[in-house]
Structures are given as structure tokens and as C-alpha cells.
Amino acid sequence: MEENKRLLYLEAMDIDIWAPKVNLMVPTANQAIQEEKPPVNSESEAWQKLQEEVANCKACDLHKTRTQTVFGVGNLNADWLLIGEAPGQNEDLQGEPFVGKAGQLLNEMLRAINLSREHVYIANILKCRPPNNRDPKPEEVEACSGFLQRQIDLIKPKIILAVGRIAAQQLLKTNEPIGKLRGKVHFLDAIPVIVIYHPAYLLRSLLEKRKAWQDLQLALKIFHKL
Ligand code: URA
């Protein structure tokens, strides 16, 4: 899309523009994208199998209310894996994570560190929408966790961004509030995990934008130290 049009759309949707800062202290993220990783190929069968299993999954009650499963999207060789909570209404209808207004802001946040949806992989803790966007139930997380683990094993990301409180708490198996989880480096099987605010929350609390920017800077700093 043309730049002018993109900016107009974002403005019309009331979404902030996150411009990359020119004086970053660290190199931007796409300067070291996926250079050493081999192309997928031998793993494409495993991806296909996983995708079919997810599409046919009836392991919890969410299959009764979903329009479709929301598997994940992006670069199968991504260095950056973003993990959100669960599909919302737009995602359930379109079959892709983070496509609503929060998704537009997430795209802007990625742009701010010179990344795009094509560079990263985006998935959720749950592959099906909980009715009325309620929080995931423990048995739903349990039923879905194997799928996410297999996605992580196949992608082999260098860094994970846990998007929002629920994703962070589920991934890190903690009840700590997001205010305590952000600003630090956690690890999941030796992969660094940075917790960032959920864009839906940022849309409601613009005062937290500065902290969100700091979280992205922390992620970049860690990524360039890897
Ligand atoms: N919120 C999430 O956590 N995930 C989505 O895919 C959409 C909204």
C-alpha cells in the first residue's frame, strides 16, 4: 500500500504511527534477519501435519463456538516469534492472528523496530476464540499447549515476544502482574522471552506508550547480543 494511503487509513482508525527512531543505540532488527538459518523444506511436512491437526482439533469445547481455528502467520524461519493470547472476533472470522485494530497497532510497533509481519511469526496461546473474548480457561491452555510447543520447535526462534499479560503468564507459568514481568529477560527453554504490553491495552492506555517503546528497545538489545 502507498505510504500516504497507509498513514491516512491508520489515522482514520485512530491508530498511532510508530515511527522508527533514527538515533537507535542498537542496530535495527532487520539488519541481521535469518542469515544463518537454512530454508524450511525438510520441515514442511511437519508444518502441514501440525496445521491439519490444529484445523481438526476438538480437544476442548472451544471447537463448538469457533468459526475456524487460527493457526499462526509469518515467516517459518523467523528469528522473532510473537505470541498473543487467543483469537478475537476478527481473527476468528479471518483465520489470522492480530488482524483487528490491535493488530494494526502491533504492525506499527513492529515497524518501529524495522520489522514487519513478513519477517516475524505470530501465533497465539489458544488457536480458537474464547466466546465473548473471555480469558482462556486452564483446560483450554493445556489442550492447546502442545500445538504452540511444536510451532516453537519448528520455527526455532531466537527471541520470543510475549504479547500481553495472559500470554506472558501462560508462557512463563506465573501469576505475576505484567508490570513486574516487563522490563526483564525471561527464558523459555533457553530462548529469551521479552514481555510487551498488549496492543489492545495500549489503545486504551496511551500513557503506557513510552513503556511499550522501552520494551521493544529491550527486545532489540537482547536480540543483537545473541
Ligand atoms: N489478541 C490476541 O492476543 N491475539 C490475537 O490474535 C488477536 C488479538
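Scroll up a little and you will see the structure.
Let me sum up the structure you'll find in this document. It should be emphasised that the depicted structure is a prediction, and the values quoted were computed from it without experimental measurement.

**Quick notes on the overall build of the protein chain**
Looking only at helices and strands, the protein chain features nine helices and six strands. Within the protein chain, the proportion of its 226 residues that are buried is 50%. Long-range pairs, those at least 24 residues apart, make up 77% of the contacts in the protein chain between residues at least 6 apart in sequence. Summed over all atoms, the accessible surface of the protein chain reaches about 11700 Å², with 50% contributed by carbon and sulfur.

**Focus: the sheet that holds strand β1 (residues 73-74)**
The strand order across the open sheet built from six strands is β1-β3-β2-β4-β6-β5, with neighbouring strands paired in mixed fashion. One side of each edge strand has no neighbouring strand; the edge strands of this open sheet are β1 and β5 (186-188). Examined bridge by bridge, β5 and strand β6 (residues 191-196) share three bridges and lie antiparallel to one another. Residue pairing for β6: Phe 187 is matched across the bridge by Pro 192. Strands β2 (80-84), β4 (159-163), β5 and β6 of the sheet are contacted by helix α6 (residues 165-172), whose axis makes an angle of about 130° with β4.

**Points about the packing of helix α2 (residues 44-55) against helix α5 (residues 138-155)**
Across the interface, α2 lies against α5 with an axial gap of 11 Å and an inter-helix angle of 165°. The angle between the axes of α2 and α5 places the two elements in the roughly antiparallel class. Judged by the sense of rotation from one axis to the other, the crossing of α2 with α5 is left-handed. Contacts between α2 and α5 pair Ala 46, Trp 47, Lys 49, Leu 50, Glu 53 and Val 54 from the former with Phe 147, Arg 150, Gln 151, Leu 154 and Ile 155 from the latter. Here the residues of the contact of α2 with α5 sort into seven nonpolar, one polar and three charged.

**What about the site of the ligand?**
In the region of the ligand, the neighbouring residues are Gly 84, Glu 85, Ala 86, Glu 91, Pro 97, Phe 98, Asn 124 and His 198. Between an oxygen atom of the ligand and a main-chain N or O atom of Glu 85, the distance comes to 2.8 Å. The contact in question runs from an oxygen atom of the ligand to an N or O atom on the backbone of Phe 98, over 3.0 Å. Surface burial for the ligand is 91%, taken as the share of its 240 Å² of free accessible area covered by protein chains. By residue class, the composition of the shell around the ligand is three nonpolar, three polar and two charged.

**As for the environment of Val 195**
As for its position among the elements, Val 195 is in strand β6. Val 195 sits 14 residues away from Leu 181 along the chain, and the two C-alpha atoms are 6.3 Å apart. If we skip the residues at most four places from it in the chain, Val 195 touches Ala 162, Ala 168, Leu 172, Ile 178, Leu 181, Arg 182, His 186 and Asp 215.

Thresholds applied
Residues numbered from 1 in each chain as written. Predicted model: local features only at pLDDT ≥ 70, side-chain atom pairs only at ≥ 80, totals over all residues. Heavy atoms only, no water. Helix = DSSP H or I, 4+ residues; strand = E, 2+ residues; numbered from the N terminus. Buried < 20%, exposed > 50% of the residue type's maximum accessible area, 1.4 Å probe, protein only. Contact = heavy atoms within 4.5 Å. Areas by Shrake-Rupley, 256 points an atom, 1.4 Å probe, with all protein chains shown as cover. Pairing = 2+ DSSP bridges. Axes fitted to C-alpha atoms, helices over the stretch in contact; angles between N-to-C directions. Parallel < 35°, antiparallel > 145°, perpendicular 65-115°, else oblique. Left-handed = near helix turned anticlockwise from the far one by under 90°. Nonpolar A, V, L, I, M, F, W, Y, C, P; charged D, E, K, R; others polar. Near = heavy atom within 4 Å. Polar contact = N/O pair within 3.5 Å; in protein donor to acceptor, adjacent residues only side chain to side chain.

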